[in-house]
Amino acid sequence: MSISMAISLLFSLLFLNISISSAASNPTYQSLLQCLSQYINPSQNVSTILFSNTNPSYASVLQAYIRNARFNTSSTPKPVIIITPLEESHVSAAVICSQKVGFQLKIRSGGHDYEGLSYISDKPFFVLDMFNLRSVSIDMTDESAWVETGATLGELYYNIWEKSNVHGFPAGLCPTVGVGGHLSGAGYGTLMRKYGLSSDYIVDAKIVNVDGKILDRKAMGEDLFWAIRGGGAASFGVVLAYKVKLVRVPETVTVFRLERLLADNATDIALKWQSIAPTTDENLFTRMLLQPVTRNRQRTMRVTVNGQYLGNADGVVALLSKDFPELGLKNENCTEMRWIDSVLWWANFDAGTPPTALLDRNVNDADFLKRKSDYVQTPISKNGLESLWQKMVELGNVGLACNAYGGRMDEIDDKETPFPHRKGNLYKIQYSVNWDEPGNETEMNRTSQAKALHEFMTQFVSKNPRRAYLNYRDIDIGVAENWSYEEGKVYGESYFAGNYERLVDVKTAVDPNNFFRNEQSIPPRTK
């Protein structure tokens, strides 16, 4: 061994010893370690699943699943300890011991929650990070899958594709989203108009309750099973895995993307899209993007229609030449591909990228971002659209992604699951603003733009309550400080409308002392 290698090894061992001795002198760490050791098999080294802030790997473990750079700064509140379970029994122990030690427990699966509520808090807290629990087990005999909540959507899609070219699952477009948060908040994607939401296909689940017990659907009962399919499972326990039914997809699907500026017929397209997109053939899903852009040194608006059709190019061209001739879709605008390749297309991978890319969890550095949401129930008029263009150009940085409803979404009762935004909605809007410069001034500018556009849109969107989508978490709607019923009602009715009451009843029954909580969780009635 060279002298430099020996010195390097010596320093590494010294740093490790300092870290271990620092953890040993941390009474919270010691209390948690001692408690966990009582519940976890003695043959397992409990310390390997714990990361205190003196551990050399702490920062990398914490940052690995932070997908919003706003919550990855030196001033962002950090967990006292990160718990990274390797087995289901570790989760049970973590729930029991966090209560015994007296710390709040935040639960993180993929880290895509837009407000970082799964890994930040202004009170001392632990993070239970589920990333090691990521198995996906496909059973083609009954066309189902058991998927652990630390798996990503990309991993789920890849495992389905390995078994079948004619099966898919109706879930989101971003492959690094964690299954746990996505399914528990409803989850939607390009198969929504044909099949509905991710949560509509959950047929069983395993959850750790506040007592540390592992319950399946039969043991938890239908009320709790209802709540964790769209009501935000982190209010009720820790979901370990979901069993989902797969859906059929054709061997060939067709995707397309068309862009228009205001100087073309962009306004006419946006106007017509609002009535056609939710009523056309359920095999067609479209997303309309509205973005302020600069062309020839002039600010204008770009309208982009992205689409996916469960069938071939001839079929969608014939359909839209009849329903939506203003769009001018032609065969040369379309690309036929397998369903798994459409997943890659929507995620903006280059053509020809192999499906193995869906297994990559190491995304590029996260952007700074803010998101908001709305539901549109009556089309915005041409005058209304023109005023919207003016406002968006004036603000300069906020875009809107409009996702068409209708089809299967009109057929499922709004009380079937906690997710209430079904029939009567033409489309959902996601407000989107990203930036790459750190600092309070830029953040204030961009977030205030999002708020201003959201305020401007009040005249065009759902009312009483103004509705929002839980998976587009937005703390501007309201936050819980004391977790009272009235506090929760403010954001609870936006996310869940009339289903808020039943969610409160479930919460009161399963977690009356409100151990499982975050800034927008469901409160028990006793608070």
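Scoring rules and cut-offs
- Residues numbered from 1 in each chain as written.
- Predicted model: local features only at pLDDT ≥ 70, side-chain atom pairs only at ≥ 80, totals over all residues.
- Heavy atoms only, no water.
- 1 Å grid on protein atoms, 1.4 Å probe; cavity = no way out; pocket = protein on both sides within 12 Å on 5 of 7 lines; lining within 4 Å.
- Points joined across faces, edges and corners; volume = space filled by probe spheres on them.
- Helix = DSSP H or I, 4+ residues; strand = E, 2+ residues; numbered from the N terminus.
- Disulfide = S-S within 2.5 Å.
- Buried < 20%, exposed > 50% of the residue type's maximum accessible area, 1.4 Å probe, protein only.
- Axes fitted to C-alpha atoms, helices over the stretch in contact; angles between N-to-C directions.
- Parallel < 35°, antiparallel > 145°, perpendicular 65-115°, else oblique.
- Left-handed = near helix turned anticlockwise from the far one by under 90°.
- Contact = heavy atoms within 4.5 Å.
- Nonpolar A, V, L, I, M, F, W, Y, C, P; charged D, E, K, R; others polar.
- UniProt positions renumbered as here; feature names shortened; annotations may be inferred.
- Pairing = 2+ DSSP bridges.
- Core = buried A, V, L, I, M, F, W, Y, C linked by side-chain atoms within 4.5 Å.
- Domains from an automatic or database assignment.
- Polar contact = N/O pair within 3.5 Å; in protein donor to acceptor, adjacent residues only side chain to side chain.
- Phe/Tyr/Trp six-rings, centres within 6.5 Å; stacked < 30°, edge-to-face > 60°.
- Lys NZ or Arg CZ within 6 Å of the ring centre and 35° of its normal.

J.: Would you explain empty space enclosed by the protein in this entry?
T.: Unoccupied space between atoms shows up once a probe the size of one water molecule is rolled over them. The final tally for this structure, using the stated rule, is 5 cavities of 30 Å³ or more. Taken as a whole, the largest cavity encloses approximately 90 Å³ of empty space. Forming the walls of the largest cavity are 13 residues, and the residues nearest its centre are A171, G172, L173, T190 and V343. Ranked by the residues each element gives to the lining of the largest cavity, the list is headed by helix α12 (residues 339–346), at 4 residues.

J.: In this structure, what is going on with the state of the cysteines? I would like to understand it.
T.: Throughout this description, disulfide means a covalent bond between two cysteine sulfur atoms. Overall, the coordinates contain 1 disulfide when judged by the stated rule. Unpaired in terms of disulfides, C174 finds its nearest cysteine sulfur in C402, a separation of 19 Å. Residue classification places C174 among the partly exposed residues on the basis of a relative accessible area of 34%.

J.: Looking at this model, I keep getting lost on the packing of helix α15 (residues 485–496) against helix α16 (residues 500–510). Mind explaining?
T.: Two numbers describe a pair of packed helices, the interaxial angle and the distance between the axes. In the contact formed by α15 and α16, the axes pass within 9 Å of each other and the chain directions differ by 125 degrees. As the angle between them shows, α15 and α16 are arranged oblique. The way α15 lies across α16 gives a crossing that is right-handed. On the side of α15, the interface is formed by Y485, G488, K489, G492, E493 and F496, while α16 contributes Y500, E501, L503 and V504. Across the contact of α15 with α16, the residue classes tally to 5 nonpolar, 2 polar and 3 charged.

J.: Which parts of the structure should I look at to understand the UniProt feature "domain: FAD-binding PCMH-type" (unreviewed entry) in the protein chain?
T.: Feature annotation in UniProt assigns "domain: FAD-binding PCMH-type" (unreviewed entry) to the following positions: residues 75–249. Each end of residues 75–249 is marked by a C-alpha atom, and these two atoms are 47 Å apart; helix forms 26% of the span and strand 25%.

J.: I keep staring at the sheet that holds strand β15 (residues 334–337) and nothing clicks. Help me out?
T.: Whether parallel or antiparallel, the strands of a sheet pair through hydrogen bonds between backbone atoms. Pairing is antiparallel in the open sheet, where 7 strands are placed in the order β15-β12-β14-β13-β17-β18-β16. Here the strands that pair on one side only, and so sit at the sheet edges, are β15 and β16 (368–376). Each strand of the sheet is rotated relative to its neighbour by a mean of 20 degrees, with strand direction disregarded. As defined by bridge partners, strand β12 (residues 253–261) adjoins strand β14 (residues 298–309) across 8 bridges and the pair is classed as antiparallel. Counterpart to R257 in the pairing with β14 is N306. In the packing of helix α10 (residues 266–276) onto the sheet, the strands contacted are β12, β13 (284–295), β14, β17 (399–404) and β18 (427–435), and the crossing angle to β14 comes to about 40 degrees.

J.: Even after reading the chapter, I still don't get the nonpolar core, so can you show me in this structure?
T.: Most often, soluble globular proteins have nonpolar side chains that are buried together. Membership of the largest hydrophobic core comes to 74 residues, with the highest contact counts inside it found for Y157, F169, I228 and Y242. Broken down by element, the residue count for this core peaks at 6 residues, all from α12. Each of domain 2 (136–249 + 473–510) and domain 3 (253–337 + 367–458) gives at least three residues to this core. Every residue in contact with Y157, bar those within four places of it in the chain, is listed here: F169, A171, G172, W339, I340, V343 and L358. The next biggest cluster of nonpolar side chains, apart from the first, holds 49 residues, and it includes L284, L290, L388 and Y431.

J.: What exactly am I supposed to notice about helix α5 (residues 153–163) here?
T.: Here α5 lies mainly inside the structure; 8 of its 11 residues are buried. By the burial criterion, the buried members of α5 are L153, G154, E155, L156, Y157, Y158, N159 and I160. Tucked inside the fold, the buried residues of α5 contact β5 (136–139), β6 (144–148), β7 (167–168), α6 (179–184) and α12.

J.: What is the right way to read the sheet that holds strand β3 (residues 104–108) from this model?
T.: Sheet architecture is open: 4 strands sit in the order β1-β2-β4-β3, paired in mixed fashion. This sheet does not close on itself; its edge strands, each paired only once, are β1 (50–52) and β3. Taking each pair of neighbouring strands and ignoring which way they run, the sheet shows an average axis angle of 25 degrees. In this structure, strand β2 (residues 81–83) lies alongside strand β4 (residues 125–129), joined through 3 bridges in parallel fashion. Following the sheet pairing, I82 is matched in β4 by V127. Seen against the sheet, helix α2 (residues 27–39) touches β1, β2 and β4 and runs at an angle of roughly 175 degrees to β1. Its contacts with the sheet put helix α4 (residues 88–101) on β2, β3 and β4, and the angle it makes with β4 is roughly 175 degrees.

J.: Explain the environment of T176 here, please?
T.: Structurally, T176 is set in the loop between β7 and α6. Under the relative-accessibility criterion, T176 is labelled buried at 6%. For the pair T176 and N362, spaced 186 residues apart in sequence, the C-alpha separation works out to 8.6 Å. Look past the residues within four positions of T176 in its chain and what remains in contact with it is R67, G110, H112, T152, D360 and V363. In terms of polar contacts, T176 uses its side chain to reach the side chain of H112, at 2.9 Å.

J.: Help me understand the packing of aromatic side chains, please; the structure alone is not making it clear to me.
T.: To describe a pair of aromatic rings, you give the distance between the ring centres and the angle between the ring planes. As enumerated under the stated definition, the model contains 19 aromatic pairs in all. When the centroid spacing of 5.9 Å and the interplanar angle of 80 degrees are considered together, the rings of Y375 and Y405 count as edge-to-face. Taken together, the positions of Y375 in strand β16 and Y405 in the loop between β17 and β18 put the pair 30 residues apart, joining distant regions of the chain. Y405 matches Y375 in its accessibility class, with the two residues each being buried. A connected cluster of aromatic rings, assembled from ring pairs, spans Y114, Y188, F419, Y469 and Y472. For the cation-ring pair, R502 lies above W226, with the distance from its terminal atom to the ring centre recorded as 4.0 Å. Over the ring of W483 we find R517; its NZ or CZ atom is 5.4 Å from the centre of that ring.

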